Amino acid sequence: MVVPCPIDQYATIDPNRVAMYSEDGEIYTYRDLHQLIMAVQTELAKKGRARIAIIPHRTQATILMLLACFRMRISVALGSPHYSADQHKQFLKHCNIAKYEDPVDNSGLDKKYNTHNSEPQYWTRNAYATFISTSGSTGHPKVIVHSIDNHMKSAEGSFDKIPVKEGHRYLVSLPLYHVSGLGILFRTLLSGATLVLP
């Protein structure tokens, strides 16, 4: 089952709504964010992969990469920057991926990427979205696969306790290689609020 990508929806119905304050203080509207994601999709399409692994060092680049992958049904394995070399090797092996990719460097992408004639963008709810390691508190860390639906339902289920809506700003205070950090991303974007990058 597919659902409209919320960034695409907000870029259409309220294009000047603020979607993100970047690490360097730049303001991105939902239209800007949509256009940057489309530019990243173009770069990813050249690689032709169904699954990639990244180490999320740069928050903004990681967010753009994740959102482009969600639209393209590319699964993303999120390795911790705190892993040892052996842990990285094991993580990649469990995910059946040969090596890490660098997130697409958005500094060279045009914020005004031409999306005038772009098709509506969708997320496939049952598509595998992320591979994330557990903390290993009960033994060895395990790799858990989450679908778009898992992330969306988690966000939707938390709205009673953590209400987020248009006009709210949500600090991305948790790492994006952790399910809680991804929860911030999904809660904010599903509600049309604003991400604030540290």
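Basis of the calculations
Every chain is numbered on its own, with residues counted from 1 as its sequence reads. Two thresholds apply to this predicted model, a pLDDT of at least 70 for residue-level local features and 80 or more for giving and counting side-chain atom pairs, whereas whole-chain, interface and lining totals are computed over all residues. Hydrogens and water are ignored here; the side-chain numbers use all heavy atoms of the structure. Strands are runs of DSSP state E lasting at least 2 residues, helices are runs of H or I lasting at least 4, and numbering of each runs from the N terminus. A radius of gyration in this sense is built from C-alpha atoms; the matching globule rule multiplies 2.2 Å by the number of residues raised to 0.38. Burial classes follow relative accessibility: with a 1.4 Å probe on protein chains only, a residue under 20% of its type's maximum area counts as buried, one over 50% as exposed, and anything between as partly exposed. By the convention used here, residues are in contact when the closest approach between their heavy atoms is within 4.5 Å. Note on areas: Shrake-Rupley, 1.4 Å probe, and residue coverage restricted to the protein chains presented here. Under the counting rule used here, the positive set is Lys and Arg, the negative set is Asp and Glu, and His together with the chain ends is not counted. One atom stands in for each charge, and that atom is NZ of Lys, CZ of Arg, CG of Asp or CD of Glu. Nonpolar cores are built from buried Ala, Val, Leu, Ile, Met, Phe, Trp, Tyr and Cys residues. Side-chain atoms within 4.5 Å join them into one set. Note on disulfides: each one is a pair of cysteine sulfur atoms within 2.5 Å. Orientation is described by lines fitted to C-alpha atoms, with helices fitted over the stretch in contact, and by angles between N-to-C directions that extend from 0 to 180 degrees. For classification purposes, angles smaller than 35 degrees are called roughly parallel, those larger than 145 roughly antiparallel, those between 65 and 115 roughly perpendicular, and all remaining angles oblique. Whenever a carboxyl oxygen of Asp or Glu lies within 4 Å of a side-chain nitrogen of Lys or Arg, that contact is scored as a salt bridge. By definition, two strands form a pair when at least two bridges between them are found by DSSP. Site definitions follow a grid-based scheme: protein atoms alone, a 1 Å grid, a 1.4 Å probe that fits but cannot get out for cavities, and for pockets an open set with protein on both sides within 12 Å along at least five of seven lines, plus lining residues having an atom within 4 Å of a point. Grid points are joined across faces, edges and corners, and a volume is the space filled by probe spheres set on the points. Gly counts as polar in this scheme, as do all residues outside two lists: the nonpolar Ala, Val, Leu, Ile, Met, Phe, Trp, Tyr, Cys and Pro, and the charged Asp, Glu, Lys and Arg.

Draft legend 1. How the structure looks around the overall build of the chain. Across its full length, the chain carries 6 helices and 10 strands. Over its C-alpha atoms the chain spans a radius of gyration of 16 Å, differing by no more than 12% from the 16 Å that the globule rule assigns to 198 residues. Each principal axis of the C-alpha distribution contributes one length, and for the chain these read about 45 × 40 × 35 Å. Taking all 198 residues of the chain together, 54% fall into the buried category. Partitioning the intrachain contacts of the chain with sequence separation of at least 6 by distance along the chain shows that 70% fall at a separation of at least 24. If you sum the accessible surface of the chain, you get close to 9900 Å²; carbon and sulfur atoms cover 51% of it. Taken together, the 21 basic and 17 acidic charged side chains of the chain have centroids lying 6 Å from each other.

Draft legend 2. Fine view of the nonpolar core. In terms of nonpolar packing, the biggest core is built from 48 residues, with I7, L67 and W123 touching the most fellow members. With 8 residues, helix α3 (residues 59-72) is the largest single contributor of residues to this core. With residues up to four places along the chain from it excluded, the contact list for I7 reads Y30, L33, H34, I37, L67, R71, W123 and L189. A53, A77, Y83 and L92 belong to the second largest nonpolar core, which has 10 residues in total.

Draft legend 3. Layout of the state of the cysteines. Using the criterion set out here, one finds 0 disulfides in the structure. Here C69 stays unpaired: no disulfide links it, and the sulfur of C5, its closest cysteine neighbor, is 13 Å away. Overall, the relative accessible area of 0% leaves C69 in the buried class. Free cysteine: C95, not disulfide-bonded; nearest cysteine sulfur from C69 at 13 Å. Given a relative accessible area of 0%, C95 falls into the buried group.

Draft legend 4. Examining the packing of helix α5 (residues 148-158) against helix α6 (residues 179-191) more closely. As a packed pair, α5 and α6 sit with axes 9 Å apart at the nearest point and diverge in direction by 70 degrees. Here α6 runs roughly perpendicular to α5, going by the angle between their axes. Together, I148, H151, M152, A155, E156 and S158 of α5 and V179, L182, F186, R187 and L190 of α6 make up the contact between the two elements.

Draft legend 5. Summary view of the pattern of salt bridges. If you walk through the whole model with that rule in mind, you get 8 salt bridges. Several salt bridges converge on common partners, so that one network encompasses R125, D149, K153 and E156.

Draft legend 6. Region of the structure containing the sheet that holds strand β7 (residues 128-133). Strand order in the open sheet made by the 4 strands is β4-β5-β7-β8, with mixed pairing throughout. Strands at the two margins of the open sheet, each flanked by one partner only, are β4 (51-54) and β8 (143-147). Across the sheet, the axes of successive neighbouring strands diverge by a mean angle of 20 degrees, strand direction being ignored. Sheet topology places β7 next to β8; 5 bridges connect them, and they run antiparallel. Considered in β8, the bridge of F131 is made with V145.

Draft legend 7. Broad picture of the layout of surface pockets. Taken as a whole, the largest pocket holds about 360 Å³ of empty space. If you go around the largest pocket, you meet 17 residues; those closest to its centre are Y83, Q87, S133, T134 and P141. Tallied by class, residues from the lining of the largest pocket come to 6 nonpolar, 9 polar and 2 charged.

Draft legend 8. Broad picture of the environment of D32. Position of D32 relative to the elements: it lies in helix α2 (residues 30-47). Sequence separation between D32 and A19 is 13 residues; the distance between their C-alpha atoms is 8.4 Å.

Draft legend 9. Geometry of the sheet that holds strand β10 (residues 194-196). One open sheet holds the 4 strands; their spatial order is β3-β2-β10-β9, and the pairing between them is mixed. Pairing within the sheet leaves two strands with one partner each, and these edge strands are β3 (27-29) and β9 (169-171). Mean inter-strand twist for the sheet, computed between neighbouring axes without regard to direction, equals 20 degrees. Pairing analysis gives 2 bridges linking strand β2 (residues 18-21) to β10, with the strands arranged parallel. By the bridge assignment, M20 is partnered in β10 with L195.

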